[in-house]
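# Residue-level structural notes
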Amino acid sequence: MWALRFEAVGKTYRVGGAGYRSLREDLSARWRRRSPASTDRRPLRRRVALDDVSFEVDEGEAFAVVGPNGAGKSTALRIAARVTAPSAGVVRVRGRVGALIEVGAGIHPELSGRENIWLYGAILGLTRPEIRRRFDSIVAFAELESALDVPVKRYSSGMQLRLGFAIAAGVEPDVLVVDEALAVGDARFQVRCLERMADLVRSGTTLLYVSHDLASVEAVCRRAALLVDGRLHATGDVASTLGAYLAWVESSGDVAGGSTAAVTDLAGRTNPVLAPGDGLVVRLSLPPDRGAATSVALGIRDGHPWNLLGALGTVPPGREPVVARCHIDSLPLSGGVYQVWASVDGTEGDGGWRQLGAFRVEEPDRPARPLWLPPVALTHRWEWDDR
Amino acid sequence: MDPTARHELVLTPGAAITARRAGRELWAARDVVRAFAVRSLRIRYRQAALGALWAVAQPLALLVPFAAFLASDVDRPGAAPYAASALAALIGWGYLSSAVTNGAGALVNEAFLVRKTWFPREAPVLAAVLAPLVEVTLGLGLYAVAGPLLGARLGWGLVTLPLLVAALAIVAASLALPLAALNALFRDVRHALPFVVLLWLFVSPVAYPIERVTDEGRLLYAFANPAAGPLDGFRRVLAEGTWPDLTLLGASMTTALVVGTIGHRLFRRLAPTLPDLV
């Protein structure tokens, strides 16, 4: 039995048209377009955010939507949460939807934390006794006991996120919709959120989840859909969908200025699936028109915007290479999905980092990495004594 | 919970939902209306030093120039003193103007929530219409003290007071719903509204009794200005000690219901686009 169904859903935004208008601007814009002397014949531009997207999420299933930035993931979630209406197709939802679309969604800045729990609980369809019953556990989860009567506008973004998530998850919705908002929270809260989501799924809640943190997608969800440019590229179990995502990243791998890149395993296969401890080869072309490169930095990430592991290559003086190749003999990574990033002549800060490709590490005895386990693994060996 | 018993929600492009579905969803969300109303009262008085005294200060302040400059022109033999009857109408008017003004701004003021969550979009508008009922209650409390001092007459017509308040709330809601949606679309509404409300005060029987309109024109007047019937009722039951004129009241309510039906239709048409507009 499905809990959420997208049937050939499309969404188009009017670019420049939406927004707060004044009647005069509207009338004069219409007049300009009509009058024969006008040279302003710009048609209303439209941006397609979703196009013919169909998928079905079963009751009690954890379903992820993955894809690059601007692929329409958030739009899909906003439609599922009824915040915005589809432009085409039909969306069907069974049961009460709790949504955390972004930091502060459903949270009113002028209200205190306590008032927000009452208001958002009511918006999500809870009666007052139902809210009263859940109130303490929501406050406890958000860890906001001391700030409960302070207006939310004085909260830090992390506190706002904790409150928003605690309410959305605390009302025990039939369908929980969570967008990538979680990235704002500190690491400990992120793990608690993911555990809470997993708990809700175990007790029968349907989850629709969007995140760039592919490790958490793998840990929490069983099925996923890949969106690229508003179109559905793949649906299926998490492993195959993430595989399709990696293949897509690989095929569109492109570093600044038309250079190309390839991420392969030691045998030269692209889109590699590795075992823990396997090696990797990264090849990167350096277009000569950008001047001679002096250094190349590589970073490996798990979806967060920072490098877990890195390698810095300095071009020997006098050389003007057009291709850089980095051989990594062994990767100390646990199971999960990782991306390879590079920066040519990178400056300090986040200067010039681009994604080159991605790969997967699979551990034969463990399908998904537990949430508490960091991606970088120790090189180690256990010994067990019975006495 | 039995999974098959869960309510199925169908979301389709653009088209407005039916009035019936809107009503059902609004009823299911009555706690949301209440939460919005409680909230708006809290926010309004949280940082106001005089607090709810504002509710009685406004009609009293308006009464001073009215009584000073108009009493001699308007006072009629046999009627209750001008100050008593003007204050009665001012209390009703104070409610009406703040209900319409706040209701028209409700969606734009809730932009933060409208953009990110779903709830029946009527909820904040109706909450803004209902919240000032607290003030009208305080205003009537003021009248219980000041009315007799100003020479108001007591009568059994007072029992119809709740009906008259409800009639004013219906008039306010019928105008606030379309104005709130239009305000999201065109900011002109916000600029025009204070001026239009002021104009409305002058063409309503507040500073003068409805008898200033000719006998033949009075019914047409009550049709044209839906505030006229209920405000005239306020004056009759509070100051004159008589019963409200049901013909005038009926005429005003007919207009309010027609405007409200059309206005709500417009509201439902615009509602799905609101998150992209506010």
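Residues numbered from 1 in each chain as written. Chains lettered and ligands numbered in written order. Predicted model: local features only at pLDDT ≥ 70, side-chain atom pairs only at ≥ 80, totals over all residues. Heavy atoms only, no water.

## So, the interface of chain A and chain B
How we decide: Should any heavy atoms of two residues lie within 4.5 Å, those residues are considered in contact. The term buried area means the drop in 1.4 Å probe accessible area that two parts suffer when joined, counted for both and summed. Each reported salt bridge corresponds to a side-chain nitrogen of Lys or Arg within 4 Å of a carboxyl oxygen of Asp or Glu. Distance and chemistry together define a polar contact, namely a pair of N or O atoms within 3.5 Å, with one atom able to donate a hydrogen and the other to accept it when in protein, and with adjacent residues in sequence counting only for side-chain atoms on both sides. Think of it this way: any DSSP run of H or I at least four residues long counts as a helix, any run of E at least two long counts as a strand, and we number them from the N terminus. Under the grouping applied here, Gly and all other residues not named as nonpolar or charged are polar, the nonpolar ones being Ala, Val, Leu, Ile, Met, Phe, Trp, Tyr, Cys and Pro and the charged ones Asp, Glu, Lys and Arg.
Every contact between the two is made by 51 residues of chain A and, on the other side, 46 residues of chain B. A buried area of about 4,100 Å², summed over both sides, lies between chain A and chain B, and 56% of it is on carbon and sulfur atoms. The interface formed by chain A and chain B holds four salt bridges in total. The salt bridge partner of Arg94 of chain A is Glu8 of chain B, with a shortest N-O separation of 3.7 Å. Linking chain A to chain B there are five residue pairs in polar contact (both at pLDDT 80 or more). Secondary-structure elements contributing two or more residues to the side of chain A that touches chain B are strand 1 (2–14), helix 1 (23–34), helix 2 (73–80), strand 4 (88–94) and helix 3 (113–123) of chain A. No other element matches strand 4 of chain A, which puts seven residues into the side of chain A that touches chain B. Of the residues belonging to the side of chain A that touches chain B, the class tally is 27 nonpolar, ten polar and 14 charged.

## Notes on the domain arrangement of chain A
Residues and elements named next belong to chain A. The line we're drawing: What fixes the domain bounds is an automatic or database domain assignment.
According to the domain assignment, chain A consists of domain 1 (2–22 + 42–243) and domain 2 (255–361). Here domain 1 and domain 2 have C-alpha centroids that lie 33 Å from each other. Each partner contributes to the interface: domain 1 provides nine residues, whereas domain 2 provides eight residues. When domain 1 packs against domain 2, the two sides together hide about 640 Å² of surface, and 46% of this comes from carbon and sulfur.

## Focus: the sheet that holds strand 6 (residues 175–178) of chain A
Residues and elements named next belong to chain A. Where we set the bar: Two strands are counted as paired when DSSP detects at least two bridges linking them. Orientation is described by lines fitted to C-alpha atoms, with helices fitted over the stretch in contact, and by angles between N-to-C directions that extend from 0 to 180 degrees.
The six strands lie next to each other as 5-6-7-3-8-9, forming an open sheet whose pairing is mixed. In the strand order of this sheet, the two ends are held by strand 5 (97–100) and strand 9 (231–237), each with one partner. Ignoring which end each strand starts from, the neighbouring axes of this sheet average 15° apart. The pairing of strand 5 with strand 6 spans four bridges and is classified as parallel. Looking at strand 6, one finds that Ala99 is bridged to Val177. Set on the sheet, helix 6 (residues 187–202) makes contact with strand 3 (62–66), strand 6 and strand 7 (206–210); between it and strand 7 the angle comes to about 150°.

## Considering the packing of helix 5 (residues 157–170) of chain A against helix 6 of chain A
Residue and element names in this part refer to chain A. We count it as follows: Put simply, angles under 35 degrees are roughly parallel, angles over 145 are roughly antiparallel, angles from 65 to 115 are roughly perpendicular, and the rest are oblique.
Packing of helix 5 against helix 6 leaves a shortest axis separation of 11 Å and a crossing angle of 5°. Regarding the angle of helix 5 to helix 6, the classification is roughly parallel. Two secondary-structure elements touch here, helix 5 through Leu161, Arg162, Phe165, Ala169 and Gly170 and helix 6 through Phe189, Cys193, Arg196, Met197 and Leu200. A breakdown of the residues in the contact of helix 5 with helix 6 according to their chemical character gives seven nonpolar, one polar and two charged.

## Focus: the environment of Thr84 of chain A
The condition is simple: Between buried and exposed lies partly exposed: a residue is buried under 20% and exposed over 50% of the maximum accessible area for its type, with that area taken using a 1.4 Å probe on protein chains only.
Take Thr84 of chain A: it is sitting in the loop between helix 2 and strand 4. Judged by its relative accessible area of 3%, Thr84 of chain A is buried. Taking the C-alpha atoms as reference points, Thr84 of chain A and Lys11 of chain A, 73 residues apart in sequence, are found 9.3 Å from one another. Ignoring anything within four residues of it in the chain, the contact list for Thr84 of chain A reads Lys11, Tyr13, Arg78 and Ile79 of chain A together with Asp276 of chain B.

## Things to note about the nonpolar core
Put simply, the rule reads: Buried residues of nine kinds, namely Ala, Val, Leu, Ile, Met, Phe, Trp, Tyr and Cys, make up a nonpolar core once their side-chain atoms join them within 4.5 Å.
Counting 146 residues, the largest nonpolar core has Ile117, Phe165, Leu182, Met197, Leu207 and Tyr209 of chain A together with Leu96 of chain B as the members making the most contacts within it. Broken down by element, this core gets its largest block of residues, 17 residues, from helix 4 (residues 82–109) of chain B. If near-sequence neighbours (up to four positions away) are discounted, Leu182 of chain A is found in contact with Leu161, Phe165, Gln190, Cys193, Leu194, Met197 and Tyr209 of chain A. With 30 residues, the next largest nonpolar core counts Phe55, Ala99 and Ala225 of chain A together with Leu11 of chain B among its residues.

## Things to note about the state of the cysteines
Residue and element names in this part refer to chain A. To keep things clear, this is the line we draw: Count a disulfide wherever a pair of cysteine sulfur atoms falls within 2.5 Å.
All chains considered together, the criterion is met by zero disulfides over all chains. The thiol of Cys193 is not disulfide-bonded; the next cysteine sulfur, from Cys221, is found 14 Å away. On the accessibility criterion, Cys221 (5% relative accessible area) is buried.

## Remarks on helix 2 of chain A
Residue and element names in this part refer to chain A. For helix 2, the buried fraction is high: seven of the eight residues fall into the buried class. Within the sequence span of helix 2, burial applies to Lys73, Thr75, Ala76, Leu77, Arg78, Ile79 and Ala80. The positive-phi residue at the C-terminal boundary of helix 2 is Arg82, with phi of around 70°.

## Overview of helix 4 (residues 128–142) of chain A
Think of an α-helix as 3.6 residues a turn; residues three or four steps apart then line up on the same face. Residue and element names in this part refer to chain A. Short version of the rule: Given a helix with a known number of residues, its expected span is that number minus one, times 1.5 Å. Here the bend at a residue means the angle between the axes of two seven-residue stretches, the one that ends at it and the one that starts at it.
Given a rise of 1.5 Å per residue, 15 residues ought to cover 21 Å, and the 20 Å separating the end C-alpha atoms of helix 4 matches this to within 8%. Helix geometry: helix 4 is bent most strongly at Arg134, by close to 45°. Of the residues making up helix 4, those classed as buried are Ile131, Arg134, Phe135, Ile138, Val139, Phe141 and Ala142. Contact partners of the buried residues in helix 4: helix 3, helix 5 and helix 6. Glu143 lies just past helix 4 and shows a positive phi near 55°.

## Comments concerning the environment of Leu246 of chain B
Residue and element names in this part refer to chain B. Structurally, the position occupied by Leu246 is in helix 12 (residues 246–270). Taking relative accessible area as the criterion, Leu246 reaches 64% and is therefore assigned exposed. Sequence spacing of Leu246 and Gly233 is 13 residues, and the spatial spacing of their C-alpha atoms is 8.6 Å.

## Some details on unusual backbone geometry
One non-glycine residue, Ala8 of chain A, adopts positive backbone phi at about 50°. Mapped onto the elements of the fold, Ala8 of chain A is located in strand 1.

## A short note on the pattern of salt bridges
Residues and elements named next belong to chain A. Summed over the entire model, instances satisfying the criterion amount to 26 salt bridges over all chains. As a salt-bridge pair, Glu56 and Arg5 come within 2.8 Å of each other at their nearest N and O atoms. Of this pair, Glu56 sits in strand 2 (residues 46–58) while Arg5 sits in strand 1, placing them 51 residues apart in sequence. Taking relative accessible area as the criterion, Glu56 reaches 31% and is therefore assigned partly exposed. Here Glu172 and Arg134 are joined by a salt bridge, their closest N and O atoms 3.5 Å apart.

## Description of the environment of Ile170 of chain B
All names here are of chain B. Here Ile170 lies in helix 8 (residues 161–185). Judged by relative accessible area, which is 38%, Ile170 ranks as partly exposed. Along the sequence, Ile170 and Gly260 sit 90 residues apart, while their C-alpha atoms lie 8.2 Å from each other. Excluding its chain neighbours within four sequence positions, the residues that come into contact with Ile170 are Met253, Ala256 and Leu257.

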